[in-house]
Amino acid sequence: YMNYTFEEGYMGYIISEFSSNLSNLINGENMFKSCGENFITFNGDLSNLIYGSHMFEYCDNLSFFNGGNLSNLIKGNYMFVYCQNLTSFSSDLSNLTDGFYMFDHCKKLTSFNSNLGSLVDGGYMFLGCKLDTTSIQNIARTINTSNGATLHIGIGNSKPNNQEIEALDEIASKGWTVYVNGLYYDPSYVSSIMTLDEYGNEVSTPIPYYAKPVPSDEEHASYIDEQGNFYNILGGQFIYGDDLSAYGMFTCEEDAAANMRLSKIKHNFC
């Protein structure tokens, strides 16, 4: 039994399982970051957590997370980024405003059941995930209204099915621009789906990637141009809530960056 009364900590050592009472923890920024390949299970009461930025970042094999009630969490940016074995997430996020990159590269995350009624920033939030139809419908039902904010979603299908299209349209109707990538999306190669030609033979049909550059500050930028200006590339295989004529059509994000003459920035968040 452990009762943390401090407000900020860092536990960057290798552990396999953590089970403790963290009900007094307010700031968990970087706390379990890079805990190594042995860290699999987290059990802890995070009911008073407000700041969770980078808290479980690069916990590659974290597959079971039980943080209890997260209804006080406001900042969840980068919280679970690269938790590549996390398959499901269910906790109260009703006060979350910052979900920037929260579940980015959670490649096995298929189930998300949380309230996003206060979300302001969903940029890259579910990029690289494989969310199922029920999860997308849950997001549509609970998400906050917005005035042009972005939300990135990775889905478990090659392309949205009819139920997902309806849910994504609902999110867009609430003022969000939604960037969606399918099951086989990768930023560095051409994604495609198998379809039948007129003779009934299977053929590989490329899925275009629609993208445009947007200026950014240095802290949030992923790209830089030859003059030292910072940018992000906003794009997806499927886009809801914006006019596609404002985007170029490419084979993948890497192709878009090359055509825009932008170079990838290697961030070091450690």
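The structure under discussion appears in the preceding block.
This one's a predicted model, so the numbers in the text were calculated from it and none came from an experiment.

Chemist: Where do I start with the sheet that holds strand E12 (residues 223-224) in this structure?
Modeler: The pairing of strands in a sheet happens through backbone hydrogen bonds and is either parallel or antiparallel. The antiparallel open sheet is built from five strands, whose spatial order is E15-E11-E13-E12-E16. Of all the strands in the sheet, just strand E15 (248-250) and strand E16 (263-264) have a single pairing partner and so form its edges. With two bridges connecting them, E12 and strand E13 (residues 230-236) associate as antiparallel partners. Bridged to Tyr223 within E13 is Tyr231.

Chemist: Got a minute to help me understand the packing of aromatic side chains in this structure?
Modeler: Aromatic ring pairs are described here by two measures, namely the spacing of the ring centres and the angle between the planes. A full pass over the atoms with the stated rule returns 26 aromatic pairs. For the pair Phe32 and Phe56, a centre-to-centre distance of 5.3 Å together with 0° between the ring planes defines the contact as stacked. You can see Phe32 sitting in the loop between strand E1 (17-20) and strand E2 (41-44) and its partner Phe56 sitting in the loop between E2 and strand E3 (64-66), a full 24 residues away along the chain. Like Phe56, Phe32 is buried. With centroids separated by 5.5 Å and ring planes inclined at 5°, the aromatic side chains of Phe103 and Phe126 adopt a geometry described as stacked. Pair noted here: Phe103 is in the loop between strand E4 (88-89) and strand E5 (111-112) and Phe126 is in strand E6 (residues 122-131), with a separation of 23 residues, a long-range link. Residue classification places Phe126 among the buried positions, given a relative accessible area of 0%.

Chemist: Where do I start with the packing of helix H1 (residues 133-142) against helix H2 (residues 162-173) in this structure?
Modeler: In a packed pair of helices, the relevant descriptors are the angle between the two axes and the axis-to-axis distance. Two elements in contact, H1 and H2, have axes separated by 8 Å at closest approach and are oriented at 20°. Judged by the inter-axis angle, H1 sits roughly parallel to H2. In this structure, the crossing between H1 and H2 has a hand that is left-handed. Across the interface between the two elements, Thr133, Ile136, Gln137, Ile139, Ala140 and Arg141 from H1 touch Gln163, Glu164, Ala167, Leu168, Glu170 and Ile171 from H2. Grouping the amino acids of the contact of H1 with H2 by side-chain chemistry returns six nonpolar, three polar and three charged.

Chemist: Could you clarify how one ought to interpret helix H3 (residues 253-260) in this entry?
Modeler: Those residues of H3 not exposed but buried are Glu253, Ala256, Ala257 and Met260. All buried residues of H3 lie within an arc of 100° about the axis, which places them on one face of the element. Of the exposed residues in H3, the ones pointing more than 90 degrees away from its buried face are Ala258 and Asn259. In this structure, the buried residues of H3 make contact with strand E11 (209-215), E12, E13, E15 and E16. In the stretch just after H3, Arg261 is the one whose phi turns positive, near 60°.

Chemist: What exactly am I supposed to notice about the environment of Lys33 here?
Modeler: Positionally, Lys33 belongs in the loop between E1 and E2. Residue classification places Lys33 among the buried positions, given a relative accessible area of 3%. Distance in space between the C-alpha atoms of Lys33 and Gly52 is 11 Å, their sequence separation being 19 residues.

Chemist: Explanation requested: the sheet that holds E6 in the structure shown.
Modeler: An order of E6-E7-E8-E14 is seen for the four strands of this open sheet, with the pairing classed as mixed. Each of the sheet's edge strands pairs with one partner strand only, and the pair in question is E6 and strand E14 (238-240). When the angles between neighbouring strand axes are averaged without regard to direction, this sheet yields 15°. As judged from the three bridges shared by E6 and strand E7 (residues 150-155), these two strands associate in the parallel manner. When the sheet's bridge partners are listed, Phe126 is paired in E7 with Ile153. The sheet contacts of H1 involve E6 and E7, and relative to E6 the element is tilted by about 155°.

Calculation notes
- Residues numbered from 1 in each chain as written.
- Predicted model: local features only at pLDDT ≥ 70, side-chain atom pairs only at ≥ 80, totals over all residues.
- Heavy atoms only, no water.
- Pairing = 2+ DSSP bridges.
- Helix = DSSP H or I, 4+ residues; strand = E, 2+ residues; numbered from the N terminus.
- Phe/Tyr/Trp six-rings, centres within 6.5 Å; stacked < 30°, edge-to-face > 60°.
- Buried < 20%, exposed > 50% of the residue type's maximum accessible area, 1.4 Å probe, protein only.
- Axes fitted to C-alpha atoms, helices over the stretch in contact; angles between N-to-C directions.
- Parallel < 35°, antiparallel > 145°, perpendicular 65-115°, else oblique.
- Left-handed = near helix turned anticlockwise from the far one by under 90°.
- Contact = heavy atoms within 4.5 Å.
- Nonpolar A, V, L, I, M, F, W, Y, C, P; charged D, E, K, R; others polar.
- Arc of directions from axis to C-beta.

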